[in-house]
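Chain by chain, the residues:
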Amino acid sequence: MAFTNITTPIGGQTANIPLGLLIQIAFSNGVRNQISTDFRDYEMVKRAKVANSLARELRFMFQTSLGTAAIQYANPGTASRQFPSAQYVNTAEYSAVLKELNTTLELDYTIFDRARKNPEKYAEPLQLELESKMSAAKRRLAADLYGDGTGVIGTISSASAISGGKTTITLNTAGRGHVGFFEYGDLLVAKTTAGAASATAVTSVWSVESKDRDNNQVVLALVSGTSAAPSAGELLYRAGQPTFPDLSGAIADYGTVSEVIAGLDSLVANDGRKVHGITMSGVTGGTQYDAGGNPLDVKHIQKLMSNVKLAVGQDRYRWKMLTMAPESHATLIESRETDRRFQTIEDNKRGVKYFAYVHGNDVLECVTSEFVPQNRIYVMPETKAGEKVLEYHGSDFETVKGQDMSDFHLKVGASGYTNAMVSYLLATGVLICKHPKAVGVITNFVNT
């Protein structure tokens, strides 16, 4: 018995079979998502939330000294000995401006109307649009948790010539951004470090087509504009960013340099930059350990944790988590085999198993995140009472309602309304770090 091809259309008919159109087409239920919707780091932002703020800015105070010079020894055998001069405790007030994150949902009116009248049968498109946009918004916040507030997605080290409307971008690992910040289908533009248009890809808009973490590369497809690749040294931003800041010189404040929320790269820096008015160095800078470009080693964790506890005290906080890129996690797995400071933890109640690093009384779970740069490891603390060191002040995503309090509205086009329904979601918020010195960061290492 020979099988006959019944699927290839020829002139509107099914091949090789008379009246082939009578054969029914079967549809598989559901839409199969092909990309990651993991936003575990957004859960970290949610855990850091302390208020549903409607304010324009948040003000807070740091204490930067104990007035130590007011404590001096004296010779008890000397008459008329003087007490030391008083020294005030140093405090300073800082302010963080809340940022706004917007999301737009769009649905054809016919599908929207049928979903409204028969939700059991037609609600899937609306549900797909809503869930996808919420996942995208949460992933954006998860990525920006590790950003610096400039909005830079990646720094171009080199770009291949355009071929088939595509260019392969090799990213500079020492520059702003990294491969984990790129999202499939996102629209990007290239800018100079001064925030001007790209010298070669002047008006180009690019779509992210693929990512290669192993080689630190991304493939961009040209959507519109100049058919030329961007230049080495230029920066890639999301196309919808309102402000492309001048990063060629001194930056006044990373908290207001763009509309993007400032993340850990600035909040726990120790290089003299300013964020929310705080100079990130000395007592107000994060505790960072520079691995000197060497391969990641367990001794880097030991040294970092010792430095953190010396800076803020042994018992003031509890450190429970080492957050790192998957590549760093893989490197440490090799160390686990030979170093007894790594322990395998099994939680029978939650059904989880992971390995952790033990430093004194602290057991630090090794957690991976695609959004952490491959040359960074973060150690976040919390107080024994559960108080947060990293705080998110802001609102959850809420629907922007019209005058009639409806969630969906007819879309306005260039010459009137269009046959589509749109809905808008809005959230405002800002991240602050109440004690940067308590946050540990390992920098400048390579994974082997």
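As a starting point, this report considers the structure included with it. (Residues numbered from 1 in each chain as written. Predicted model: local features only at pLDDT ≥ 70, side-chain atom pairs only at ≥ 80, totals over all residues. Heavy atoms only, no water.)

## Digging into the overall build of the protein
Line of reasoning, step 1. If you tally the helices and strands in the protein, you get six helices and 25 strands.
Line of reasoning, step 2. Counting over 448 residues, the protein shows a buried share of 41%.
Line of reasoning, step 3. Across the protein, contacts joining residues at least 24 apart in sequence account for 71% of those joining residues at least 6 apart.
Line of reasoning, step 4. Working note: accessible area of the protein is about 24400 Å², and carbon and sulfur atoms make up 51% of it. (Helix = DSSP H or I, 4+ residues; strand = E, 2+ residues; numbered from the N terminus. Buried < 20%, exposed > 50% of the residue type's maximum accessible area, 1.4 Å probe, protein only. Contact = heavy atoms within 4.5 Å. Areas by Shrake-Rupley, 256 points an atom, 1.4 Å probe, with all protein chains shown as cover.)

## Observations concerning the pattern of salt bridges
Line of reasoning, step 1. A full pass over the atoms with the stated rule returns 22 salt bridges.
Line of reasoning, step 2. The salt bridge involving Asp144 is made with Arg140; its shortest N-O contact spans 3.5 Å. In this pair, Asp144 and Arg140 both sit in helix H3 (residues 119–144), four residues apart, roughly one turn of the helix.
Line of reasoning, step 3. Here Asp144 falls in the buried class, since its relative accessible area comes to 15%.
Line of reasoning, step 4. Overall, Arg140 belongs to the buried group, its relative accessible area being 9%.
Line of reasoning, step 5. Asp271 is paired through a salt bridge with Arg273; the nearest N and O atoms lie 2.8 Å apart.
Line of reasoning, step 6. One network of salt bridges, in which partners are shared, links Asp265, Asp271, Arg273 and Arg376. (Salt bridge = Lys/Arg side-chain N within 4 Å of Asp/Glu carboxyl O.)

## Concerning the packing of aromatic side chains
Line of reasoning, step 1. One pass over the structure, following the stated rule, counts eight aromatic pairs.
Line of reasoning, step 2. On the basis of an interplanar angle of 40 degrees and a centroid distance of 6.5 Å, the ring pair of Tyr109 and Phe112 is categorised as tilted. One end of the pair, Tyr109, and the other, Phe112, are both in helix H2 (residues 109–117), three residues apart, so they sit about a helical turn from each other.
Line of reasoning, step 3. Accessibility expressed as a relative area gives 31% for Tyr109, which makes it partly exposed.
Line of reasoning, step 4. Measuring from ring centre to ring centre gives 5.9 Å for Tyr317 and Trp319, while their planes differ by 65 degrees; the resulting arrangement is edge-to-face.
Line of reasoning, step 5. With relative accessibility at 4%, the residue Tyr317 sits in the buried group.
Line of reasoning, step 6. Grouping aromatic residues by their ring pairs yields a cluster made of Phe60, Phe62 and Tyr94.
Line of reasoning, step 7. Here Lys211 stacks its cationic end above the ring of Tyr184, 4.9 Å away from the centre of that ring.
Line of reasoning, step 8. Stacked on the ring of Tyr254, the Lys or Arg Arg273 has its end atom at 4.5 Å from the ring centre. (Phe/Tyr/Trp six-rings, centres within 6.5 Å; stacked < 30°, edge-to-face > 60°. Lys NZ or Arg CZ within 6 Å of the ring centre and 35° of its normal.)

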